[in-house]
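Residue strings, one per chain:
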Amino acid sequence: MSMLCKLYRITPDHIPKLKDRPDALGELLDLAPPPSPKASFLSRLLGRPATQAPMPEREFAPIAGSDIFELDQAWHILHFLFSGSNTEGSWPSAFLMSGGEEIGPDRGYGPVRLLAPALSREISAFLNTRSFEALDAAYVASDIEAAEIYWQASPEPTERQRQVDELWRVVSDLQAFFERTVQTDSATLVSIY
């Protein structure tokens, strides 16, 4: 089973609604399956089809694909390369694993975390200080393996360079995601599942 991570950009208007109705988080993240019609005992006994109950009013429309950033399995190696730790670390370098406010139920590896617009700005500023050279220097396969990072780091030079190049593309896309988040004065949801 894989541990994956997604980031979601949300408007500030979503924040009070989420705090009031954390159970509606599934609607926003498009995780809640539509309710299936259930036949009553008599309907099943008499062979009548189930009647469709009216759909409850949705609190949130699902987040648009352009406001979702999928880190997939790269989240843990990026956390390690940013923070130097395999667990929680100092803010903002450890933003993928800590910080913000927990919202909603545990999704398997903890609840979704809400990073308000001010925290998203701090993350954007932090990411803009990252460089390819720093990422390359931090990418030491033996250190990654010793830290038990959820990533298969290669010590073989050609494969190692391919992995570093791939991770730098992810970091560049992550920088762009947070720059857009800051431009729109938005918040971020972090979900590890």
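Scroll up for the structure.
The following refers to the structure shown. (Residues numbered from 1 in each chain as written. Predicted model: local features only at pLDDT ≥ 70, side-chain atom pairs only at ≥ 80, totals over all residues. Heavy atoms only, no water.)

1. Re helix α8 (residues 157–183)
Item 1. Across its 27 residues, α8 extends 39 Å between first and last C-alpha, which sits within 8% of the 39 Å expected from 1.5 Å per residue.
Item 2. One or two residues past the end of α8 sits Asp185, with phi positive at roughly 50 degrees. (Helix = DSSP H or I, 4+ residues; strand = E, 2+ residues; numbered from the N terminus. Expected span 1.5 Å × (residues − 1).)

2. Points about the sheet that holds strand β3 (residues 101–106)
Item 1. Pairing is antiparallel in the open sheet, where five strands are placed in the order β2-β1-β5-β4-β3. At either margin of the open sheet sits one strand with a lone partner, and together these are β2 (68–72) and β3. On average, each strand axis in the sheet is tilted by 20 degrees relative to the strand beside it, whichever way the strands run.
Item 2. Where strand β4 (residues 111–115) lies against strand β5 (residues 187–192), three bridges are found, and the strand directions are antiparallel. Its bridge partner being in β5, Arg113 is matched across the sheet by Val190.
Item 3. Along the sheet face, helix α4 (residues 74–83) touches β1 (5–10), β2 and β5 and points at about 85 degrees away from the line of β2.
Item 4. Most of the contacts of helix α5 (residues 117–127) go to β4, to which it runs at about 85 degrees, and overall it touches β4 and β5. (Pairing = 2+ DSSP bridges. Axes fitted to C-alpha atoms, helices over the stretch in contact; angles between N-to-C directions. Contact = heavy atoms within 4.5 Å.)

3. Considerations on the pairing of β4
Item 1. Among the five residues in β4, four count as buried, and that is most of the element.
Item 2. Sheet topology places β3 next to β4; four bridges connect them, and they run antiparallel. Following the sheet pairing, Ile103 is matched in β4 by Val112. (Buried < 20%, exposed > 50% of the residue type's maximum accessible area, 1.4 Å probe, protein only.)

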